[in-house]
Amino acid sequence: MSWGTKEQKGELLLLGLTAGLSFLNNLSMESDKYQKEAKENINSIDEKELKRILEINEEYSTRIYNLLNDTELGCKFKKTEEIFLMVIEIIMLDLEYDYYEIIQNFTNSFDNEDFIRSHELAIKLREKRLKEEYEENLKVYQESLLEYQEKKKSQSFFKSIFGEALVEPMKPILRS
């Protein structure tokens, strides 16, 4: 028995890619900021500051290593996963110019109308799932709110002071 439909797997893969690229972009921007600071202060870096920069570098290196080596995409073929992670590493290290053929091959695998249609379908399916999830949470919220209001009405003055505190339920939020 396989997990999910082809569209769900595609959606999951796309979400993972989006999250991973966003994470890597944030790391890259922060790394660039620290590199710029280091270049500006090259002669004035003391031992403590150098140690801090090296610790940050080690932390990011560890994160990247974990991201690339601990990622399991659930691909049918292990080689597909290896290729995908190799492409992510190339992008992270900004080496597209040196690995042009590999990037071109990767891009060709999804640069077509079917991929675009399946992506649009995946977005619609996700929106539908989130809406259904929200509606279910809203039903639970409304039931909890009614129960809360009834308890609040039946609570006497002294019971409200010395009894257990009633906590109003929180309205769910539609995720986007």
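To be clear, the structure that these remarks concern was listed above.
None of the values given here were measured: they were computed from a predicted structure.

Cut-off values and rules
Residues numbered from 1 in each chain as written. Predicted model: local features only at pLDDT ≥ 70, side-chain atom pairs only at ≥ 80, totals over all residues. Heavy atoms only, no water. Core = buried A, V, L, I, M, F, W, Y, C linked by side-chain atoms within 4.5 Å. Buried < 20%, exposed > 50% of the residue type's maximum accessible area, 1.4 Å probe, protein only. Helix = DSSP H or I, 4+ residues; strand = E, 2+ residues; numbered from the N terminus. Contact = heavy atoms within 4.5 Å. Salt bridge = Lys/Arg side-chain N within 4 Å of Asp/Glu carboxyl O.

J.: So, the nonpolar core: which residues are in play, and what are the values?
T.: Counting nine residues, the largest nonpolar core is built from Leu68, Phe84, Leu85, Val87, Ile88, Ile90, Met92, Ile103 and Phe106. Elements with a contribution of two residues or more to this core: α3 (78–92) and α4 (100–110). When residues of this core are assigned to their parent elements, the largest contribution, six residues, is made by α3. The residues touching Ile90, leaving out its near neighbours within four places in the chain, are Leu95, Glu96, Tyr99, Ile102 and Ile103. Of all hydrophobic cores here, the second largest spans five residues; its members include Leu138, Tyr141, Leu145 and Tyr148.

J.: Tell me about the pattern of salt bridges, residues and numbers included.
T.: Tallied over the full model, the rule gives seven salt bridges. The partner of Lys78 in a salt bridge is Glu81, with the nearest N and O atoms 3.2 Å apart. Taken together, the residues Lys78 and Glu81, both in helix α3 and three residues apart, mark about one turn of the helix. When the shortest N-O distance is used, the salt bridge between Arg117 and Glu113 registers 3.8 Å. A residue pair is termed a helical-turn pair when its members lie 3 or 4 positions apart in one helix, as Arg117 and Glu113 do in helix α5 (residues 113–154) at four residues. Through salt bridges with shared partners, a single network forms among Glu113, Asp114 and Arg117.

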